[in-house]
Amino acid sequence: MCFSFDTQGFRQAMMMVFAVDEINRNSNLLPNITLGYSLYDNCGALFIGFRAALVLASGQEEQFLLQENCLGTPPVVGIVGDSYSTFSIATSNVLGLFRLPMVSHFATCSCLSDRQRFPSFFRTIPSDAFQVRAMIQILKRFGWTWVGLLISDDDYGVHVARSFQSDLTNSGGGCLAYTEILPWGNDPAELRRIVDVMKKSTARVVMVFAHEIHMYKLVEEVVRQNVTGLQWLASEAWTSVDVLQTPDFMPYLGGTLGIAIRRGEIAGYKDFLLRIHPDQHHNNYGNSIVRFWEDIFQCRFSPPPVDWVEAGGALCTGQEDLHKVDSELFDVSNLRPEYNIYKAVYALAYALDDMLHCEPGRGPFSGHSCTSLQRLELWQLVYYLDRVNFTTPVGDQVSFDANGDALPIYDVMNWLWLPDGTAKIQNVGEVKELPKGEELTLHEDRIFWNFESKQPPRSICSESCPPGTRMARKKGQPVCCFDCIPCSEGKISNETDSMECTSCPVDFWSNPQRDYCVPKKTEFLSYHEPLGICLTATSLLGTFICAVILGIFIYHRSTPMVRANNSELSFLLLVSLKLCFLCSLLFIGRPRLWTCQLRHAAFGISFVLCVSCILVKTMVVLAVFKASKPGGGASLKWFGAVQQRGTVLVLTSIQAAICTAWLVSASPVPNKNTQYHNDKIVYECVVGSTIGFAVLLGYIGFLAILSFLLAFLARNLPDNFNEAKFITFSMLIFCAVWVAFIPAYVNSPGKYADAVEVFAILASSFGLLVALFGPKCYIILLRPERNTKKAIMGRATPKT
């Protein structure tokens, strides 16, 4: 005798009775066999349910005789129940020793899937492992990665929490903002603390894996603290509980999403309930019907308790009409736990039926034997339960996997808050397990969201990191809490929430947004940029001036000014200067192998040819004035035309040999330099051999200094024929330019090094051109009266 009457539990018990009666009327299932049953009320207490299981197990005999009057110990071959996971764990630990089959309709703890520990346990409700995976699918669908978890303080809650934390981490579906254990009994302080945690957390989604009693007390505290703006996710334990759908609770619980046991429609069950009557004492549940009748009609059968009479309570007559009673007991439109009981009874019946249809000699046991009701051992029925497979009238397939779990499927429910203040639980989808994984089907347009936006809320710890950034974990916080760090230069991330930035290929660089690689900018002294255009124009201008002066000298080659200044060397000097101007063009444009090899060779040979001509001219000037002195005529024989050409040729050949050795040993090559700028490719010519380049410049410098010294010694000779002062000035400009060039060249990166070298070539070439040919052109073109032999010879007379 329990202290109170549980209407819901009574309806579930009646479902077992209904299923047994339906099977007994079925001529195709267990023909000529009548199933019986015994009902035990555990009163919601573990020790009562455990004692009942022991009574059933200990009452077994190895064999029993079938008698027409069914006297003796009832042959219990299977148990349907228990509802609670904790009760089922305790009971199954014992029943498993006897291999007594136990088929639960409501125990969901994933621990019960341990076949070693619970070898004879089966269930028609999915385990919490699948329930957790189903919840994770819902979280993923709406992008909720930051959620709170509330669990009951029992095996059900503890195993759910453990499974949820593991599966959520492995799936990458999100993180738990907090995990709190709801207390048993009345603990207002602990409930206030838990609700305070919920209120302060940034998680907008709260999952609750607990029982109805836990949830009721929790929501009372939520209402008391007026905590709104939360999206509740309900486990199957309280998804369909009507007691929570009150006008006081719905402003807070409206829009709740939850998973519920698969609903089934069972024909004839309502009529069966309405036929219940206290006169049915011949059934095993007679006393239960009396308690039910007294509870639903609020009366007592005679003799009533004294306190009931004193309180003026009514007496039951047995004539009361159930059709006039408005009770949830008769609402069979939403059968969920009852449907699981229905499937559990049928599973045991089909297992017995398969066993009795065994053909002798083709059985599954030793020697291909079969068994019978007279020789039935319980482990043999477990064997057939493992292999049972049938379809319910609703069309659902029922079978058990290797762990005794049913094929997983859940309905997804939504709490609809109607305008009139009432509530309705509506089906908005389903989640089931397929060979490839869980499949969630949702009708999102039907979901009621209890928010002003009428849209699903956002519940994340950190906003997603856009492309161009990477995720950086916040120290001491879950993986869902992170900062978005921009990728460094040269690295990109082209996906949302990238963990790392990837480096661009060698010839590529990151764009400003750091979300894709772009080809690096190329840099070289180009003909298309202002600097290149100016240098090219200057080079061509110098070349043109050289050509004009050469034309002037050729046109006036018979004049004393041209003839007196060694016209052959002047022509050769103009040609070499022209080559010097033109060789600067090799330094402009994208470096190629041939331009790299040719630019320094052409530059070195052209300048040596030019300086050699100047050196020979200087030596000739000195020889001429030495020969004008008494006894100095013999020196002129060493500076004839042949000797002059030979000297220029030999000096130029030495430079040609230096260039050849340089190109053969370590030739200059084009190079893509990325050291100056990370985001640019600087095309340059690598000199190959620094020694070769230094020897080339050193040789030019040696000839230039030698020419300067010789010209400096001849600076005080008479002005008439004295070209030495112009050579001195030109060599001074030449040496100054190239002395300044070396440090500027070394410290100039990339294309600016080429620009410095071109500038040095052009500056020194113009210096030579202006200093050596400027005065001559002035006399030839503007002062023709001084371009006469008499004038030149006259000036040859020393001044007194």
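Rules and cut-offs
- Residues numbered from 1 in each chain as written.
- Predicted model: local features only at pLDDT ≥ 70, side-chain atom pairs only at ≥ 80, totals over all residues.
- Heavy atoms only, no water.
- Salt bridge = Lys/Arg side-chain N within 4 Å of Asp/Glu carboxyl O.
- Helix = DSSP H or I, 4+ residues; strand = E, 2+ residues; numbered from the N terminus.
- Core = buried A, V, L, I, M, F, W, Y, C linked by side-chain atoms within 4.5 Å.
- Buried < 20%, exposed > 50% of the residue type's maximum accessible area, 1.4 Å probe, protein only.
- Contact = heavy atoms within 4.5 Å.
- Phe/Tyr/Trp six-rings, centres within 6.5 Å; stacked < 30°, edge-to-face > 60°.
- Lys NZ or Arg CZ within 6 Å of the ring centre and 35° of its normal.
- Axes fitted to C-alpha atoms, helices over the stretch in contact; angles between N-to-C directions.
- Parallel < 35°, antiparallel > 145°, perpendicular 65-115°, else oblique.
- Left-handed = near helix turned anticlockwise from the far one by under 90°.
- Nonpolar A, V, L, I, M, F, W, Y, C, P; charged D, E, K, R; others polar.
- Disulfide = S-S within 2.5 Å.
- Domains from an automatic or database assignment.
- Pairing = 2+ DSSP bridges.
- Patch = residues over 30% accessible without salt bridge, like charges linked within 9 Å, V, L, I, M, F, W, Y side chains within 5 Å.
- Areas by Shrake-Rupley, 256 points an atom, 1.4 Å probe, with all protein chains shown as cover.

Visitor: Is there a simple way to explain the pattern of salt bridges in this structure?
Guide: For side chains of opposite charge, pairing can occur when their charged atoms come near one another. According to the stated counting rule, one finds 21 salt bridges in the structure shown. Note that Arg 123 is salt-bridged to Asp 405, the shortest N-O span being 2.7 Å. You can see Arg 123 sitting in strand E3 (residues 121–123) and its partner Asp 405 sitting in the loop between strand E12 (397–399) and strand E13 (409–417), a full 282 residues away along the chain. The partner of Arg 262 in a salt bridge is Asp 411, and the shortest N-O contact between them spans 3.1 Å. Residue Arg 262 is found in the loop between strand E8 (257–261) and helix H9 (269–274), and its partner Asp 411 is found in strand E13; the two are separated by 149 residues along the sequence. Within the structure, one salt-bridge network assembled from shared partners comprises Arg 262, Arg 336, Asp 396, Asp 411, Glu 430 and Lys 432.

Visitor: Sorry if this is basic, but what is going on with the nonpolar core here?
Guide: Nonpolar side chains in soluble globular proteins tend to be buried together. Counting 74 residues, the largest nonpolar core has Tyr 269 and Phe 292 as the members making the most contacts within it. Excluding its chain neighbours within four sequence positions, the residues that come into contact with Phe 292 are Phe 5, Phe 10, Ile 276, Leu 322, Leu 329 and Phe 330. Within the second largest apolar cluster, 69 residues are counted, among which are Phe 693, Leu 696, Leu 772 and Phe 773.

Visitor: Explain the packing of aromatic side chains here, please?
Guide: Centre-to-centre distance and the angle between the planes together describe a pair of aromatic rings. Considering all chains together, one arrives at 29 aromatic pairs under this definition. With a centroid separation of 5.7 Å and an interplanar angle of 80°, the aromatic rings of Trp 238 and Trp 415 are classed as edge-to-face. Here Trp 238 is found in the loop between strand E7 (231–234) and helix H8 (250–253), whereas its partner Trp 415 is found in strand E13, with 177 residues between them in sequence. For Trp 238, a relative accessible area of 0% translates into the label buried. Using a relative accessible area of 1% as the deciding quantity, one classes Trp 415 as buried. By way of ring pairs, the aromatic residues Tyr 342, Tyr 346, Tyr 350 and Phe 390 are connected into one cluster. The ring of Phe 773 carries the charged tip of Lys 776 above its face, separated from the ring centre by 5.8 Å.

Visitor: What is the right way to look at the packing of helix H14 (residues 530–555) against helix H21 (residues 751–782) in this model?
Guide: How two helices pack is summed up by the angle between their axes together with the distance between the axes. Where H14 meets H21, the closest approach of the two axes is 10 Å, and the angle between their N-to-C directions is 30°. By the angle between their directions, the pair H14 and H21 is classed as roughly parallel. Remark: the crossing between H14 and H21 carries left-handed chirality. Packed against H14, whose contacting residues are Leu 531, Leu 535, Thr 538, Ser 539, Gly 542, Ile 545, Cys 546, Ile 549, Ile 552 and Phe 553, the element H21 presents Ala 755, Val 758, Leu 762, Phe 766, Leu 769, Phe 773, Lys 776, Cys 777, Ile 780 and Leu 781 at the interface. Residues belonging to the contact of H14 with H21 are distributed by class as follows: 16 nonpolar, 3 polar and 1 charged.

Visitor: Is there a simple way to think about the state of the cysteines in this case?
Guide: By definition, a disulfide links two cysteine residues through a covalent bond between their sulfur atoms. Tallied over the full model, the rule gives 9 disulfides. There is a disulfide in this structure between Cys 504 and Cys 517, and the S-S distance comes to 2.0 Å. On the sign convention where negative is left-handed, the bridge of Cys 504 and Cys 517, at about -90° about the S-S bond, is left-handed. Here the residue Cys 504 occupies a position in the loop between strand E19 (502–503) and strand E20 (508–510), and Cys 517 occupies one in strand E21 (residues 517–519), the gap between them amounting to 13 residues. According to the relative accessible area criterion, Cys 504 is buried, its value standing at 12%. Exposure remark for Cys 517: the relative accessible area of 22% places this residue in the partly exposed category. For the unlinked cysteine Cys 583, the closest cysteine sulfur is that of Cys 580, found at 5.5 Å. We classify Cys 583 as buried; its relative accessible area is 4%. With no disulfide of its own, Cys 659 has Cys 583 as its nearest cysteine by sulfur position, at a separation of 11 Å. Overall, Cys 659 belongs to the buried group, its relative accessible area being 3%.

Visitor: Explain the domain arrangement of the chain here, please?
Guide: Think of interface size as the accessible area that goes away when the parts come together; that is how it is often given. We note that the domain assignment places domain 1 (7–125 + 266–277 + 319–395), domain 2 (128–262 + 409–446), domain 3 (469–519) and domain 4 (530–788) within the chain. On a C-alpha basis, the centroid separation for the pair domain 2 and domain 4 is 91 Å.

Visitor: I'm lost on the sheet that holds strand E23 (residues 669–673) in this one. Help?
Guide: The pairing of strands in a sheet comes from backbone hydrogen bonds and takes either a parallel or an antiparallel form. On the basis of which strands lie adjacent, the open sheet formed by 3 strands has the order E22-E24-E23 and mixed pairing. Among the strands making up the open sheet, the edge pair consists of strand E22 (521–523) and E23. Put simply, the sheet's adjacent strands are angled 25° from each other on average, direction ignored.

Visitor: Would you explain a nonpolar patch on the surface in this entry?
Guide: A grouping of Leu 540, Leu 572, Val 575, Leu 579 and Leu 582 is seen on the molecular surface, where their side chains present a nonpolar patch of about 360 Å² in accessible area. One can find Leu 582 in helix H16 (residues 567–583). Judged by relative accessible area, which is 34%, Leu 582 ranks as partly exposed.

Visitor: Whenever I open this one, the pairing of strand E24 (residues 680–686) confuses me. Can you help?
Guide: Looking along a regular strand, one sees the side chains alternate between the two faces of the sheet. A large share of E24 lies buried, amounting to 5 of its 7 residues. Relative to E24, E22 is paired through 3 bridges, and the arrangement is parallel. Each residue of the ladder has a partner; that of Lys 521, found in E24, is Lys 680. Alignment of E23 against E24, held across 5 bridges, turns out to be antiparallel. Bridge pairing in E24 places Pro 670 opposite Cys 685.

Visitor: Is there a simple way to think about the sheet that holds strand E4 (residues 146–152) in this case?
Guide: On the basis of which strands lie adjacent, the open sheet formed by 8 strands has the order E5-E4-E6-E7-E8-E13-E14-E15 and mixed pairing. In this open sheet, the two edge strands, each paired with only one partner strand, are strand E5 (175–182) and strand E15 (437–442). Strand-to-strand twist across the sheet, computed as the mean angle between neighbouring axes with direction ignored, equals 25°. For E7 and E8, the ladder comprises 2 bridges, and the chain directions are parallel. In the sheet register, Leu 233 faces E8, and the bridge partner there is Leu 257. Against the sheet, helix H7 (residues 212–225) touches E4, E5, strand E6 (205–209) and E7, its axis set at about 175° to E7.

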